[in-house]
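# What the coordinates show
Listed below, chain by chain, are the residues.
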Amino acid sequence: MDFAKAREEMIEDQILRRGVHDAVVLAAMRIVPREAFVPPDLADEAYEDRALPIGEGQTVSQPFIVALMLVAAKLESHNRVLEVGAGSGYAAAVISRIAEKVFGIERDDGLTQAARTRLEELRYGNVELRTGDGSFGWQEAAPFDAIIVSAGGAHVPEALKRQLADGGRLVMPVGPLIDQRLVRLIRHGDEYTQDDLGGVRFVALVSES
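Notes on the structure follow. (Residues numbered from 1 in each chain as written. Predicted model: local features only at pLDDT ≥ 70, side-chain atom pairs only at ≥ 80, totals over all residues. Heavy atoms only, no water.)

## A closer look at the packing of aromatic side chains
The tally for this structure, following the rule as stated, stands at four aromatic pairs. Ring geometry for F3 versus Y47: centroids 6.4 Å apart, planes at 50 degrees, classification tilted. Placement of the pair is F3 in helix α1 (residues 3–15) and Y47 in the loop between α2 (23–31) and β1 (52–55), with a sequence separation of 44 residues. Judged by relative accessible area, Y47 falls into the buried class, the value being 7%. Each ring, one from F103 and one from W138, has its centre 5.2 Å from the other, and the planes form 70 degrees; the classification is edge-to-face. Remark: W138 occurs in the loop between β5 (127–131) and β6 (144–149) and F103 occurs in strand β4 (residues 101–106); sequence separation between them is 35 residues. Each member of the pair, F103 as well as W138, carries the same accessibility label: buried. Grouping aromatic residues by their ring pairs yields a cluster made of F103, W138 and F144. Cation over ring: K101 sits above F103, and NZ or CZ is 5.5 Å from the ring centre. (Phe/Tyr/Trp six-rings, centres within 6.5 Å; stacked < 30°, edge-to-face > 60°. Helix = DSSP H or I, 4+ residues; strand = E, 2+ residues; numbered from the N terminus. Buried < 20%, exposed > 50% of the residue type's maximum accessible area, 1.4 Å probe, protein only. Lys NZ or Arg CZ within 6 Å of the ring centre and 35° of its normal.)

Below is the structure:
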């Protein structure tokens, strides 16, 4: 399979045609080999317009949704970014081609270890991963200019809100599975504004709290 061609068709057919035109996000998605972030038996399906299973009940998100979330987060080259629910490491890899530093949390240690190995092999050296409860964030590395939560919950965890820098953006699916909404919070000092970016469907954010 010609993965480079499939990657370009993904950009054209799944993302640009749906109205996402952010040049920085598209450039990052053009250079990250999505086929490396799915199980080998699904590599030929890596650029299909859907989420794919990666084991342990987790998925790598649909390419369009990854693009939509990263555009909503308004990433810049100097940013420090937290991703909650790192999974196979695909979104973290894309973010790493845009932002200065990426911190990823994944609750399943097997997925964390596999993602870490994959990112090291691809020489994406500005990504740091750890296993843990993502709802608590990563206090030692905070504050973050952006937080991407790649799993749904009933509400945005307070710890994540507190770990946003002033002006920071948090993007997360919120609500019950049958009616999840992708929301963006922006911090303004001790206040937060919220935007509704539309309906989505994500696996649940599992928390020990």
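There's plenty left to go through after this.
## Let's talk about helix α5 (residues 109–121)
The α-helix winds at 3.6 residues per turn, so residues separated by three or four positions along the chain end up facing the same way. Taking 1.5 Å as the rise per residue, α5 with 13 residues should run 18 Å; its terminal C-alpha atoms sit 18 Å apart, in good agreement. Of all the residues in α5, the buried ones are L111, T112, A115, R118 and L119. In an axial view of α5, the angular spread of the buried residues amounts to 135 degrees, which keeps them on one side of the axis. Residues of α5 that are exposed and point more than 90 degrees away from the buried face comprise E120 and E121. Contact partners of the buried residues in α5: β1, β2 (58–60), α4 (90–96), β4 and β5. A side-chain oxygen of the first residue of α5 lies 3.1 Å from the backbone nitrogen of G110; this N-cap is D108. Trailing α5 by a residue or two, R123 shows a phi angle of about 60 degrees, which is positive. (Expected span 1.5 Å × (residues − 1). Arc of directions from axis to C-beta. Contact = heavy atoms within 4.5 Å. Polar contact = N/O pair within 3.5 Å; in protein donor to acceptor, adjacent residues only side chain to side chain.)

## Focus: the nonpolar core
Counting 49 residues, the largest nonpolar core has M29, L70, L75, Y90, I95 and I148 as its most contacted members. Looking at this core, the elements that each hand over two or more residues are α1, α2, β1, α3 (63–72), α4, α5, β5 and β6. Take this core: its biggest share by element is seven residues, from α3. Beyond its immediate chain neighbours, meaning those up to four positions away, Y90 contacts M10, M29, V32, R34, F37, V60 and V66. Core analysis: the second largest hydrophobic core is formed by 17 residues, I105, F144, I147 and V183 among them. (Core = buried A, V, L, I, M, F, W, Y, C linked by side-chain atoms within 4.5 Å.)

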